[in-house]
Structures are given as structure tokens and as C-alpha cells.
Amino acid sequence: MTDDERQIRQTVRRFQKGVTRYGLIEDGDRILIGLSGGKDSLALLELMAERTRIFKPCFQVVAAHITMSNIGYESDPGYLQDFAQKVGVKYVCREAGFDASGDWRKSPCFLCSWNRRKALFQIAHEEKCNKIALGHHMDDILETLLMNITFQGTFSTMPPLLRMNKFDMTVIRPLCLVHESDLREWARIKGYRPQKVKCPHEHQSHRASVKQILRQLEEMNPEARYSLWGSMTNVQTELLPPKSE
């Protein structure tokens, strides 16, 4: 077995482990996959499409790409449509935008994410989907944990499964146990085409700094990511200050 074959198997194994451990897919699901055009969402679409060919659970997937009219990044919708067709998945493309001057307290990243998410929910209801799958991987989830602790003062992150009763929708993150390094290698092996223009704000956010902090923690302790992940289900409240009134 070649190194590339081992890498592919490892990524598939971590994907399947996350789906199974957190019960992300159920019989009869119709799942909308947010297809941004980056390596993470392309890998998610390919892995989910392959998973639909397994007898149980029986589920369907639809891919949706949201183009933002006023953010300077760009994917190739034609390539994404061909990619979805190649893996046998219906493809929907929609344009959205926002007025960045409307709320100076919100960053362009927040406004872009919020409006893309709003469009995804709209498409999900139109396509009669009961779940939306997003391409967040383990690194994303751990970085969000560190960001929320540091900037929000909350011990929280993006969970693998989130039921949103207000919108009658469940958000799932099937790549929750897959490392970002796995996805970089997956994209290289599969020959994914990169986005035409990367987001001009991606290196200006706190997340870029927290990525570096996570790497530094792993240099201190190679098992740091697993310790951080385990801490989320091992909260020893008796060893913490009492909640203030």
C-alpha cells in the first residue's frame, strides 16, 4: 500500500468515526451540503456522496454553492457543478450579498458567514432537506473553542450536531474528527482545483492567529488536540469557580 493510499484510508476512517460516534446520519435523511469550493467542502461532498452508496442508513444529499456579490473571493461554479455531477449529486447555486456599512460592529467575516448560512437554510427548506452538512474539521472546532474562551469568555464551540428547533433544521459537521492536514493531503491526491481568488479577509481575523496557537500547543504536546477535544466532555465543575449571579 502506498503512502497516498494510507492517507486516503485514514481520512475515510476518521470521517466514518465522526459520523458514527455522534449519530450524524439517520435513515431517511435528506442533507444539504454547503459547497464553498474549498478543499474541505469538496472532500465533504465526495465522502458524503460515497456514503450514500452504503445500504444503511439510506439517505440523500444535495450540494449548494453560495456566491457572495460583494466579497473579493471567487470559486468556479462550473467546476463545482461538474464535480457534483461527477459524484452523482444535485447541485444548486445561489447569489447572496450584504451591506457591510449597515452594522460597523460586525466584521465582514461575520456578515459573510451569516448571510451565506441564511441562504443555505433557505435552499434546504426549498429542497425539503432536514439537515445541513458543513465542512468544518477538527482544527476548526478546536480553534473556535480557543477563540470563544479567549474573546467571549465562554467554554463553547461548533458541535458535531446542532438541532436548531427555531428553524426546524439540524446542522451536522461530518468532518469533525478529520484533521486539516488530512484534507490538505486528500485535496492533493484527488487533484482538487483551488478557488480562483481566496478571501481577502482570511488572514486578518483572529482565527489565523489561533491556528498558529494550536500549532504551538501541538509542538509542546503532540497529543494537545486530543486533550483539548476530551476537555469538552470532561468539565469538572466542582473544580471551577461557582457561577456568578
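You'll find the structure just up there.
Note that the coordinates shown come from a computational prediction; the quantities given were computed from them, not determined experimentally. Residue indices follow the written sequence of each chain, beginning from 1 at its first position. Given that this is a predicted model, residues contribute local features only at a pLDDT of at least 70 and side-chain atom pairs are listed and counted only at 80 or more, while totals for whole chains, interfaces and linings are drawn from all residues. Side-chain descriptors were evaluated using all non-hydrogen atoms of the structure, hydrogens and water having been removed beforehand.

Q: Would you explain a nonpolar patch on the surface in this entry?
A: Grouping into patches uses exposed residues only, defined as over 30% relative accessible area, and leaves out salt-bridged ones; the cut-off is 9 Å for like charges and 5 Å for nonpolar side chains (Val, Leu, Ile, Met, Phe, Trp, Tyr). Method for areas: the Shrake-Rupley scheme with a 1.4 Å probe, in which residue coverage is limited to the protein chains shown. Salt bridges, as used here, are contacts in which a Lys or Arg side-chain nitrogen is within 4 Å of a carboxyl oxygen on Asp or Glu. Taken together, the side chains of Ile149, Phe155, Val235 and Leu240 define a hydrophobic patch exposed on the protein surface, amounting to about 360 Å² of accessible area. You can see Ile149 is positioned in helix α5 (residues 138-152). In this description a helix means any DSSP run of H or I spanning at least four residues, a strand means any run of E spanning at least two, and both kinds are numbered starting from the N terminus.

Q: How should the nonpolar core be read in this particular structure?
A: The tendency in soluble globular proteins is for nonpolar side chains to be buried side by side. With 33 residues, the main nonpolar core has Ile31, Leu45, Met48 and Tyr192 as its most contacted residues. Mapped by element, the contributors of at least two residues to this core are α1 (3-21), β1 (30-34), α2 (39-51), β2 (60-68), α3 (77-86) and α6 (180-190). No other element matches the seven residues that α2 contributes to this core. The contact rule is simple, with two residues in contact once any of their heavy atoms fall within 4.5 Å. Setting aside residues no more than four positions away along its own chain, Ile31 makes contact with Ile25, Met48, Phe59, Gln60, Val61, Val62, Cys129, Lys131, Ile132, Ala133 and Ile172. Judged by nonpolar contacts, the second largest core, of 20 residues, contains Phe98, Leu120, Phe121 and Met169. As used here, the term nonpolar core means buried Ala, Val, Leu, Ile, Met, Phe, Trp, Tyr and Cys residues forming a set that is joined through side-chain atoms within 4.5 Å. With a 1.4 Å probe rolled over the protein chains alone, any residue whose accessible area is under 20% of its type maximum counts as buried; one over 50% counts as exposed, and the rest are partly exposed.

Q: Whenever I open this one, the packing of aromatic side chains confuses me. Can you help?
A: Two measures describe an aromatic ring pair: the distance that separates the ring centres and the angle between the ring planes. Here a Phe, Tyr or Trp ring, Trp counted by its six-membered ring, pairs with any other such ring whose centre lies within 6.5 Å, and the pair is stacked when the planes are under 30 degrees apart, edge-to-face when over 60, and tilted otherwise. Scanning the entire structure with this criterion turns up four aromatic pairs. On the numbers, 5.4 Å between centres and 80° between planes, the contact of Phe83 with Tyr192 is edge-to-face. Remark: Tyr192 occurs in the loop between α6 and α7 (206-220) and Phe83 occurs in helix α3; sequence separation between them is 109 residues. For the pair formed by Phe83 and Tyr192, the shared burial category is buried. By the ring-pair criterion, three or more aromatic residues cluster together here, those being Tyr79, Phe83 and Tyr192.

Q: It is not clear to me how the pattern of salt bridges should be interpreted in this structure. Could you clarify?
A: A side chain of one charge can pair with a side chain of the opposite charge when the charged atoms of the two come close. On inspection of all chains with the given rule, the structure shows 21 salt bridges. One salt bridge connects Arg188 with Asp4, and the closest N-O pair in it is separated by 2.8 Å. Here Arg188, found in helix α6, pairs with Asp4, found in helix α1; they are 184 residues apart in sequence, far enough to count as distant. The partly exposed category is assigned to Arg188, whose relative accessible area is 46%. Residue Asp4 is classed as partly exposed on the basis of its relative accessible area, which comes to 31%. We note a salt bridge from Lys190 to Glu46, for which the minimum N-O separation is 3.1 Å. Taken together, the positions of Lys190 in helix α6 and Glu46 in helix α2 put the pair 144 residues apart, joining distant regions of the chain. Connected through shared salt-bridge partners, Lys39, Asp40, Glu143, Glu180, Arg184, Arg207 and Lys211 make up one network.

Q: How should I be thinking about the layout of surface pockets in this particular structure?
A: Vacant regions in the atomic arrangement are exposed by a probe of water-molecule size rolled over the atoms. Looking at the second largest pocket, its volume works out to about 200 Å³. Along the walls of the second largest pocket sit Val12, Phe15, Gln16, Glu46, Leu47, Glu50, Arg51, Arg53, Ile54, Val87, Trp186 and Lys190, which together make up its complete lining. In terms of residue count, α2 provides more of the lining of the second largest pocket than any other element does, four residues in total. Its residues assigned to classes, the lining of the second largest pocket shows six nonpolar, one polar and five charged. In this analysis a 1.4 Å probe is tested at points of a 1 Å grid over the protein atoms alone, and where it fits but cannot get out there is a cavity; an open set with protein on both sides within 12 Å along at least five of seven lines is a pocket; lining residues have an atom within 4 Å of a point. Grid points are joined across faces, edges and corners, and a volume is the space filled by probe spheres set on the points. Amino acids are sorted into nonpolar (Ala, Val, Leu, Ile, Met, Phe, Trp, Tyr, Cys and Pro), charged (Asp, Glu, Lys and Arg) and polar (every other residue, Gly among them).

Q: I tried to follow the side chain of Asn148 on my own but got confused; where do I start?
A: Here Asn148 shows up in helix α5. With sequence-adjacent residues up to four places away left out, Asn148 is seen in contact with Gly153, Thr154, Ser156 and Thr157.

Q: Whenever I open this one, the sheet that holds strand β3 (residues 90-96) confuses me. Can you help?
A: As a general point, the strands of a sheet are linked pairwise by backbone hydrogen bonds and lie either parallel or antiparallel. Two strands qualify as a pair provided DSSP detects at least 2 bridges between them. Strand order in this open sheet of six strands is β3-β2-β1-β4-β6-β5, and the pairing throughout is mixed. Single-partner strands in this sheet number two, and they are β3 and β5 (161-164). Put simply, the sheet's adjacent strands are angled 25° from each other on average, direction ignored. Pairing of strand β4 (residues 131-133) with strand β6 (residues 169-172), which is carried by three bridges, proceeds in the parallel orientation. In the strand pairing of β6, Lys131 is matched with Thr170. To get an axis, a line is fitted to the C-alpha atoms, and for a helix only the part in contact is used. The angle between two axes follows their N-to-C directions and goes from 0 to 180 degrees. Sheet contacts for α2: β1, β2 and β4; angle to β1, the most-contacted strand, approximately 155°. Taken strand by strand, α3 contacts β2 and β3, and its axis lies near 155° from that of β3.

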